[in-house]
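What follows is the residue order along each chain.
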Amino acid sequence: MPQVRLYNTMSQSVEPFSPADGKVVRMYTCGPTVYNPAHVGNFRTFLFEDLMRRVLKLAGWRVEQVMNLTDVDDKIIRRASEAGVSISDITVPVTERFHSDRRYLRIEDAERYPRATESIPEMIELVSTLVARGVAYQADDGSVYFAIDKFPAYGKLSRLDKREIQTGARVAQDDYAKENAQDFALWKAAKPEDEASGAAWDSPWGRGRPGWHLECSAMAMRFLGETLDVHCGGIDLVFPHHEDEIAQSEAATGREFSRFWCHGQFLLTDGAKMAKRVGNVATVADMREQGVSGAAFRHFAFSTHYRKQLNLSPDALEASLEGVRRVGDFAERLAAATGGTPGLAAAAEDLVADASAAFFDDLNAPEAMAALFSFIRRANAELDAGGRDEAALARAREAFALVNGVLDIVPEPAAEDEELSVYVEGRLAARRAARTRRDFAAADAIRDELTSRGIAIEDGPQGTRWKKLY
């Protein structure tokens, strides 16, 4: 079994990782709050978690991943109240959009996608346990709060300065700033807008609803047990969300909540004006409209280590579009090849060794991609030699499939699109007419128009050929 090493936010160091039972990785990943479509920054985190999932499977373990869908919280209730609808009217279509976007980016299915509203009994039971243990209390406002001064280890994940904690002060909102570390709401007394939007349930403390932090603890322990192998999310969740999860979970069970905590860094934008084709990418729908394939965005996301900030820029997206084109061209060539050479087999062995070492070293996707492109260069040279070694070719195909099975950056083959063909042929006819009348400015404008749609054209003796690049 290879040694997998992961950066653990709790220890702030890279540590050897293996599941507690040696077989199944119990992995909890914080999913979206489904009041608005997830943006590409969210999906950078989900892609890092997809990378982790695939690497853990590559190491030989089975993964049991739970990704929650937060379908009741302050933002959702506010949105439902403003629209005069129920919370499900807001969350159901957004959830469907999330799964559609996730599939576009080739993010593997988790084993479970529990919705918070499906685990209310477990949440009430967890709060009852905390009240019984004296670490939670019902305040005058009817809500139940966690008493952070009753949990001495509070702040251990985020390295919170204990002087910043306001003992006995309370915070009711789900999210709050680091300097406002206070007793946090576990169960919130129902307000009229909660009742009106269907976000209130009966409990021992009266009608109310769960706090955001409570939801994840209850769902994680319901499906994965009291101690997880790894808990993942964006770096912005370290405090307060994950800190509060640890407090309420460990105070209830007396056991470590998660053995590893792994967090992905932010996606940034450089603020510069973006090219029309790749500019203003905020959601997956924006990417699709602007011709950025799922494979290209995966390439972009994996070009930088998940623990480093990643800058979204037109140049970076253009580089990824070109990168996956090269990968796709090579995949087609490898599939069509009839034989290889000993050098091709050697290149394949190096690819597996180098990429695996990178993957197992804290998910170092940039190094694994570098190994892949090095293999493509070497393999193309060996294929140029025209060898007949079928075993070498088979090994090259196997190695390429293994590494791409983690990165998943081979673009989809261009599908026949009758509507697109009609459009392109029509524009090419208009371009020929413009050239015939020597209106070269109009002809160049049509070429630019096609290029902006991802269509490459090539003039030759037999006429003009075209190809869809992405």
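See above for the structure.
Residues numbered from 1 in each chain as written. Predicted model: local features only at pLDDT ≥ 70, side-chain atom pairs only at ≥ 80, totals over all residues. Heavy atoms only, no water.

Trainee: What is the right way to look at the side chain of Asp71 in this model?
Mentor: Secondary-structure assignment places Asp71 in the loop between β4 (62–67) and α2 (74–83). Separated by 2.6 Å, the side chains of Asp71 and Thr117 make a polar contact. Beyond its immediate chain neighbours, meaning those up to four positions away, Asp71 contacts Val34, Ile76, Ile87, Thr91, Arg115, Ala116 and Thr117. (Helix = DSSP H or I, 4+ residues; strand = E, 2+ residues; numbered from the N terminus. Polar contact = N/O pair within 3.5 Å; in protein donor to acceptor, adjacent residues only side chain to side chain. Contact = heavy atoms within 4.5 Å.)

Trainee: Looking at this model, I keep getting lost on the packing of helix α1 (residues 40–58) against helix α13 (residues 390–407). Mind explaining?
Mentor: Angle between the axes and distance between the axes are the two parameters that describe a pair of packed helices. Relative to each other, α1 and α13 sit at 145°, their axes nearing to 8 Å. Seen from α1, the contacting residues are Leu51, Arg54, Val55 and Leu58; seen from α13, they are Leu402, Gly405 and Val406. Looking at the contact of α1 with α13 residue by residue, the class counts come to 5 nonpolar, 1 polar and 1 charged. (Axes fitted to C-alpha atoms, helices over the stretch in contact; angles between N-to-C directions. Nonpolar A, V, L, I, M, F, W, Y, C, P; charged D, E, K, R; others polar.)

Trainee: When you look at the pattern of salt bridges in this model, what are you seeing that I'm missing?
Mentor: Side-chain pairs of opposite charge can arise whenever the charged atoms involved come near each other. In the structure shown here, the tally under the stated rule is 36 salt bridges. As a salt-bridge pair, Lys188 and Asp74 come within 3.1 Å of each other at their nearest N and O atoms. One end of the pair, Lys188, is in strand β8 (residues 183–189); the other, Asp74, is in helix α2, and 114 residues separate them in sequence. Looking at Lys188, the relative accessible area reads 8%, which means it is buried. A relative accessible area of 19% places Asp74 in the buried class. For Asp350, the salt bridge goes to Arg378, with nearest N and O atoms at 2.8 Å. Highlighted residues: Asp350 in helix α11 (residues 342–360) and Arg378 in helix α12 (residues 365–384), separated in sequence by 28 residues. Looking at Asp350, the relative accessible area reads 35%, which means it is partly exposed. Within the structure, one salt-bridge network assembled from shared partners comprises Asp50, Arg53, Arg54, Lys57, Arg106, Glu108, Glu111, Arg298 and Asp408. (Salt bridge = Lys/Arg side-chain N within 4 Å of Asp/Glu carboxyl O. Buried < 20%, exposed > 50% of the residue type's maximum accessible area, 1.4 Å probe, protein only.)

Trainee: So what exactly am I meant to see when it comes to the nonpolar core here?
Mentor: A general feature of soluble globular proteins is that nonpolar side chains tend to end up buried together. Formed by 80 residues in total, the largest nonpolar core has its most connected members in Met52, Phe359 and Phe375. Here this core gets 10 residues from one element, more than from any other, and that element is α12. Those residues within four positions of Phe359 in sequence are excluded, and the remaining contacts are Leu51, Val55, Leu58, Asn364, Ala368, Val403, Val406 and Leu407. In this structure, Val127, Ile148, Leu228 and Ala247 belong to the second largest nonpolar core, which totals 51 residues. (Core = buried A, V, L, I, M, F, W, Y, C linked by side-chain atoms within 4.5 Å.)

Trainee: Explain helix α4 (residues 120–132) to me, please; I cannot follow it from the model alone.
Mentor: Residues that lie three or four places apart on an α-helix share one face, since the helix turns once every 3.6 residues. Helix length check: α4 (13 residues) gives 18 Å between terminal C-alpha atoms against 18 Å at 1.5 Å per residue, within 8%. Those residues of α4 not exposed but buried are Ile120, Met123, Ile124, Leu126, Val127 and Leu130. The buried side chains of α4 occupy one side of the element, clustering within an arc of 160° when seen end-on. Opposite the buried face of α4, by more than 90 degrees, sit the exposed residues Pro121, Glu125 and Ala132. Tucked into the core, α4 has its buried residues touching β5 (136–138), β6 (144–146), β8, β9 (208–210), α6 (212–224) and α7 (238–253). Where α4 ends, the next residue or the one after it, Gly134, has phi of about 80°, a positive value. (Expected span 1.5 Å × (residues − 1). Arc of directions from axis to C-beta.)

Trainee: Help me out: how do you make sense of the packing of aromatic side chains in this one?
Mentor: Here a ring pair, both rings aromatic, is described through the centre-centre distance and the interplanar angle of the planes. On inspection of all chains with the given rule, the structure shows 14 aromatic pairs. Here the aromatic rings of Tyr137 and Tyr145 are separated by 6.1 Å at their centres, their planes lie at 25°, and the arrangement is stacked. Since its relative accessible area comes to 2%, Tyr145 is described here as buried. Ring centres of Phe146 and Phe184 lie 5.2 Å apart, and the angle between their planes is 15°; on these two criteria the pair is classed as stacked. You can see Phe146 sitting in strand β6 and its partner Phe184 sitting in strand β8, a full 38 residues away along the chain. As far as burial versus exposure is concerned, Phe146 and Phe184 are alike and both buried. Among the aromatic residues, ring-to-ring pairing joins Phe17, Trp61 and Phe260 into one connected group. The ring of Tyr145 carries Arg170 above its face, with NZ or CZ at 5.3 Å from the centroid. Sitting above the plane of the Tyr7 ring, Arg307 keeps its charged end 4.1 Å from the centroid. (Phe/Tyr/Trp six-rings, centres within 6.5 Å; stacked < 30°, edge-to-face > 60°. Lys NZ or Arg CZ within 6 Å of the ring centre and 35° of its normal.)

Trainee: Explain the pairing of strand β1 (residues 4–8) here, please?
Mentor: The side chains of a regular strand alternate between both faces of the sheet. With 4 of 5 residues buried, β1 is to be regarded as a mostly interior element. The pairing of β1 with strand β2 (residues 13–17) spans 5 bridges and is classified as antiparallel. Within β2, the position partnered with Tyr7 by the bridge is Val14. Taking the residues that link successive antiparallel strands as the turn, the β1-β2 hairpin has 4 residues, and the phi of Gln12 there is positive, at about 55°. (Pairing = 2+ DSSP bridges.)

Trainee: In this structure, what is going on with the state of the cysteines? I would like to understand it.
Mentor: Cysteine pairs can be linked by a disulfide, which is a covalent bond between their two sulfur atoms. Taken as a whole and assessed by the stated rule, the structure comprises 0 disulfides. Its sulfur unpaired, Cys216 is 4.0 Å from the next cysteine sulfur, which belongs to Cys30. (Disulfide = S-S within 2.5 Å.)

Trainee: Got a minute to help me understand the sheet that holds strand β11 (residues 258–264) in this structure?
Mentor: Backbone hydrogen bonds are what pair the strands of a sheet, in a parallel or an antiparallel way. The strand order across the open sheet formed by 4 strands is β4-β3-β10-β11, and the pairing between neighbours is parallel. Edge positions in the sheet fall to β4 and β11, since each of these pairs with one other strand and no more. Taking the axes of each pair of neighbouring strands and ignoring which way they run, one obtains an average angle of 25° across the sheet. Here strand β3 (residues 24–29) pairs with strand β10 (residues 228–234) via 3 bridges, running parallel. When the sheet's bridge partners are listed, Thr29 is paired in β10 with Cys232. Lying over the sheet, α7 contacts β10 and β11, oriented at roughly 160° with respect to β10.

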